[in-house]
Amino acid sequence: MMGTPTHCPYCALQCGMTLSRDGAGGAARDTVRVEPRDDVPAGRGGLCQKGWTAAELLTVPDRLTAPMMRRGRDAPLEPCTWDEALGRVAAEAERLGALHGPDAVAVFGGGGLTNEKAYQLGKFARVALGTSQIDYNGRFCMSSAAAASGRALGMDRGLPGPVTDLAASGAVLLAGGNPAETMPPFMRHLTEMRAGGGALVVVDPRRTATARQADLHLQPAPGTDIALANGLLHLVIAEGRADGDYIAARTTGFGAVRTAVNAYWPERVERITGVPVPLMREAVRLLARAGRAHVLTGRGAEQHARGTDTVSAFINLALALGLPGRAGSGYGCLTGQGNGQGGREHGQKADQLPGYRRIDDPAARAHVAGVWGVDPDSLPGPGRSAQELLSALGTPGGPKALLVFGSNPLVSAPRAAAVEERLGALDLLVVADFVPSETARRADVALPAAQWAEESGTMTNLEGRVLRRRRAVPPPDGVRTDLEIIGALAARLGAPGEWSTDPAEVFAELRRAGAGGAADYSGITYERIEAEGGVFWPCPSQDHPGTPRPYLDRFPTPDGRARFVPVEHHGPAEDVDAGYPVYLTTGRVLAQYQSGAQTRRVPALAEAAPGPFAELHPDLAARLGIEDGGEVRVESRRGAVTVRARFSDAIRDDTVFIPFHWAGEGRANLLTNPALDPVSRMPEFKVCAVRLGPAR
Ligand SMILES: Nc1nc2c(c(=O)[nH]1)N[C@H]1C(S)=C(S)[C@@H](COP(=O)(O)OP(=O)(O)OC[C@H]3O[C@@H](n4cnc5c(=O)[nH]c(N)nc54)[C@H](O)[C@@H]3O)O[C@H]1N2
Ligand SMILES: Nc1nc2c(c(=O)[nH]1)N[C@H]1C(S)=C(S)[C@@H](COP(=O)(O)OP(=O)(O)OC[C@H]3O[C@@H](n4cnc5c(=O)[nH]c(N)nc54)[C@H](O)[C@@H]3O)O[C@H]1N2
Ligand code: SF4
Ligand SMILES: [Mo]
């Protein structure tokens, strides 16, 4: 029995685990056992229920083990050979490209892909397909935080330092995150902080498992965080708690923000948000008295049509308190997917080349084209963002084919029925996955991919620390790795350059392509990751120690200063009215992950969280004649779902919460509003207007 040290397949905490095999192999695959590793600081030796049961993903009964193809529009998906499947994809891509131009073929990636795969997918789109049409599910995730961090701090890296810094913090304000369910072992850092006298302030319309552990819980209406953060900053200034020396030495633009927040006096903010003035004052007191402090955001603050401005409002607060760029303090975003951080750095974003370079920057194009061995002019320009891409599928001038690697947009994209219609209008839908996800079941060609414990590569966790994923078992017969699939397609398309299927070789190329960019990995090697327990980017050379805390000396902006950005409260893109009088917000529960494609197939998790529900306040339910445990119909302007009612006095009585992990009748995204943030192009997953009542 041999143990392989690796990391959990799911979220951005990337808890460490050792996988060991019982049995002697053979036709029946070995049983894989999971043990937590305590040498991985982010998870502190902990695992949540998803991590503990992760090995069951390797043996789910309906695992895809052969390529599948539909031999006619309404024909069923049937097993075929790899040669047939790849031949069809390549031939169709060529045909559609010749007919409509290279942008006729689009690619949709995922933040769960390793760095190597994310890099290769971006290169595949630009070089093998020549298409500008590539984006990924990270657009639905932390793109607002990324945009706001970029414009304020000059760079987008989730946390400003090692997650263990939080334990020594004097206060953490967490807006719109519920790590007690979404990253349970992360709570150990916050518990330790509180044991040392630090205060936890949680901002959430629901009194979540996280909020219950907080010293102070602010419970605003969904979509009102900008007003709240501006109001907190107003108080910081009015009470003389702003850090004037820091503001003068390390920032620009404070004057305009001071003027903007003038209009957010406490009583007005209470009227907008519902948060009582004394609680706002208390939040400011807790933050300002702490020597070291953090302001953090999760998806609750970010997934809004004004998500970028919302994050800016919280960064302004952090800057006024003098936090970013001080050791053990700062602003951070809690990145979500396993490689949510690395997945946004290497080129699967519509506007991006590897190293977090801009695709419209001539110097970046020249550098990357040099590494790829192609003419810079042959590289396409920026493409459409995720939701705009999905909305354009099969429309005149839009892509006619889509290749999906690592996402299940039929369940996870906003206004899912419209997305379903667009997927149905394609000439060719190709999905690489290891399970028949809802999207894979709709594909014309489904390609069986190897999964986490069957492949190696690197993942970048929420700290910006690059980690090794290691292969513990071989993939089942008939299954290929994503790198093998991409390499085979590139070869069939006659793509120039190297298309290695060896992760180590792809990583070496990624380091060269990203060298000199904001996310510079060029000094990071597999050997160093091994020896040092992970390396923080940026790391521009092999003798560079890596950068756990990037902003200590200066911010990576042209003048080295952080930038205040004035922002105004707008409210939800779709506010409540007489016809749709209740706010809907959506999010997660502990035992299910994302679209549920993986976790719904793990028996212990399916049992712990068997189906969708609407969490609502008993007072609201009483007004609407809804019974606890009864079926309730929830309707928005875009669709309707039927789910079970779950009473809770922990939610505001003007808001219902539905988790988005299920397909079918209870698919939360049938309701959600695809209104997009003007900067990040993030959809407004976290608030729309609904009406509800007992299902008849
Ligand atoms: N169990 C589990 N864990 C996961 C995942 C999963 O699917 N399941 N997914 C991973 C991924 S990809 C991500 S992105 C992270 C997400 O991690 P989180 O951000 O913690 O998760 P969410 O539940 O989407 O949203 C957090 C909270 O935002 C609150 N909220 C809703 N509207 C608002 C609002 O307008 N303002 C504020 N301040 N709060 C609001 C919700 O009530 C919710 O409690 O989790 C990761 N971990
Ligand atoms: N209403 C609502 N909707 C949301 C959100 C919300 O809070 N509310 N949150 C949004 C957020 S933050 C996110 S991140 C998205 C996530 O939503 P999705 O992008 O749908 O995420 P997953 O369910 O993780 O889908 C990943 C799919 O790819 C497969 N897969 C996993 N790893 C690999 C791999 O390495 N290779 C291949 N080929 N396949 C792989 C899995 O089996 C699964 O089918 O959902 C968004 N949608
Ligand atoms: S917290 Fe995230 S990384 Fe850790 S075990 Fe749970 S799902 Fe896996
Ligand atoms: Mo996410």
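Up top you'll find the structure we're talking about.
Residues numbered from 1 in each chain as written. Chains lettered and ligands numbered in written order. Predicted model: local features only at pLDDT ≥ 70, side-chain atom pairs only at ≥ 80, totals over all residues. Heavy atoms only, no water.

### With respect to helix 10 (residues 266-273)
To keep things clear, this is the line we draw: Summary of the burial criterion: residues with accessible area below 20% of their type's maximum are buried, those above 50% are exposed, and those between are partly exposed, where the area comes from a 1.4 Å probe applied to protein chains only. Going along the chain from the N terminus, every DSSP run of H or I of four or more residues is numbered as a helix, and every run of E of two or more is numbered as a strand. Note: the arc covers the axis-to-C-beta directions of the helix. Pairs of residues are marked as contacts when any of their non-hydrogen atoms sit within 4.5 Å.
Within the sequence span of helix 10, burial applies to Pro-266, Val-269 and Thr-273. Considered in projection along helix 10, the buried side chains sweep an arc of 60 degrees and stay on one side of the axis. Summarising the contacts, the buried residues of helix 10 are in contact with helix 7 (225-238) and helix 11 (277-289). Just past helix 10, the residue Gly-274 takes up positive phi, approximately 85 degrees.

### As for the site of ligand 3
Selection rule: The cutoff for a nearby residue is simple: one of its non-hydrogen atoms must lie within 4 Å of the molecule or strand. For this scheme, ten residues count as nonpolar: Ala, Val, Leu, Ile, Met, Phe, Trp, Tyr, Cys and Pro. Four count as charged, namely Asp, Glu, Lys and Arg, and the remainder, Gly too, count as polar. Domain delimitation in this document rests on an assignment produced automatically or drawn from a domain database.
Ligand 3 sits among Cys-8, Tyr-10, Cys-11, Gln-14, Cys-15, Leu-47, Cys-48, Lys-50, Gly-51, Met-183, Pro-184 and Pro-185. Residues of the shell around ligand 3, tallied by class, amount to 9 nonpolar, 2 polar and 1 charged. For the shell around ligand 3, the two domains that each supply at least three residues are domain 1 (2-59) and domain 3 (148-334).

### Some thoughts on the packing of helix 3 (residues 115-129) against helix 20 (residues 503-514)
If you want to describe how two helices pack, look at the angle between their axes and the distance between the axes. How we decide: Angular values range over 0 to 180 degrees, each being the angle between N-to-C directions of two axes fitted as lines to C-alpha atoms, with helices fitted over their stretch in contact. Just so you know how the angles are binned, under 35 degrees is roughly parallel, over 145 roughly antiparallel, 65 to 115 roughly perpendicular, and the rest oblique. A crossing counts as left-handed when the near helix is turned anticlockwise from the far one by less than a right angle, and as right-handed when that turn is clockwise.
Helix 20 packs onto helix 3 with a crossing angle of 65 degrees between their chain directions and a minimal axis gap of 9 Å. Taken as axis vectors, helix 3 and helix 20 run roughly perpendicular relative to one another. Crossing angle aside, the handedness with which helix 3 passes helix 20 is left-handed. In this structure, helix 3 uses Asn-115, Glu-116, Tyr-119, Gln-120 and Lys-123 to contact helix 20, whose residues at the interface are Pro-503, Val-506, Phe-507, Glu-509, Leu-510 and Ala-513. Along the lines of polarity and charge, the residues of the contact of helix 3 with helix 20 split into 6 nonpolar, 2 polar and 3 charged.

### Regarding the environment of Glu-421
The residue Glu-421 is located in helix 17 (residues 416-424) in this model. With a relative accessible area of 56%, Glu-421 lands in the exposed category.

### Describing the site of ligand 1
Which entries qualify depends on this criterion: Any pair of nitrogen or oxygen atoms within 3.5 Å is treated as a polar contact; in protein, a donor-acceptor pairing is required on top of that, and neighbouring residues in sequence qualify only through side-chain atoms on both sides. Surface accessibility follows the Shrake-Rupley procedure with a 1.4 Å probe radius. Residue values consider only the protein chains on display as shielding. As defined here, a cavity is a set of points on a 1 Å grid over the protein atoms alone where a 1.4 Å probe fits but cannot get out. A pocket is an open set with protein on both sides within 12 Å along at least five of seven lines, and residues line them when an atom is within 4 Å of a point. Grid points define the cavity or pocket, and a molecule sits in it when more than half of its atoms lie within 2 Å of them.
The environment of ligand 1 is made up of 32 residues, and the closest members are Asn-178, Asp-225, Arg-588, Gln-592 and Gln-594. In the model, a nitrogen atom of ligand 1 is placed 2.8 Å from a nitrogen or oxygen of the Thr-182 main chain. Between ligand 1 and Asp-204, the relevant distance is 2.7 Å, taken from an oxygen atom to a side-chain nitrogen or oxygen of the residue. For ligand 1, the accessible surface in isolation is 910 Å², of which the surrounding protein chains cover 99%. A molecule is said to occupy a pocket when more than half its atoms come within 2 Å of that pocket's grid points, and by this definition ligand 1 occupies the second largest cavity. Broken down by secondary-structure element, the contributors of at least two residues to the shell around ligand 1 are helix 5 (179-182), helix 12 (299-302) and strand 23 (582-587).

### Concerning the pattern of salt bridges
If the charged atoms of two oppositely charged side chains come close together, the side chains can form a pair. The cut-off we apply is this: Each reported salt bridge corresponds to a side-chain nitrogen of Lys or Arg within 4 Å of a carboxyl oxygen of Asp or Glu.
All chains considered together, the criterion is met by 43 salt bridges. Its salt-bridge partner being Lys-117, residue Glu-455 comes within 2.8 Å of it at the nearest N-O pair. Here Lys-117 lies in helix 3 and Glu-455 lies in the loop between strand 18 (445-448) and strand 19 (457-460), a separation of 338 residues in the sequence. Note on accessibility: Glu-455 and Lys-117 belong to one class, buried. One network of salt bridges, in which partners are shared, links Lys-117, Glu-455, Arg-469 and Asp-482.

### Focus on the sheet that holds strand 1 (residues 3-7)
Applied cut-off: Pairing between two strands is assigned when DSSP locates at least 2 bridges connecting them.
With antiparallel pairing, the 3 strands of this open sheet are ordered in space as 1-2-3. With partners counted over all chains shown, the strands left at the sheet margins are strand 1 and strand 3 (31-36), one partner each. Here the strands of the sheet are splayed against their neighbours by 30 degrees on average, with no regard to which way each runs. In terms of strand pairing, strand 2 (residues 16-22) meets strand 3 through 6 bridges, oriented antiparallel. Among the inter-strand pairings, Met-17 is bridged to a residue of strand 3, identified as Pro-36.

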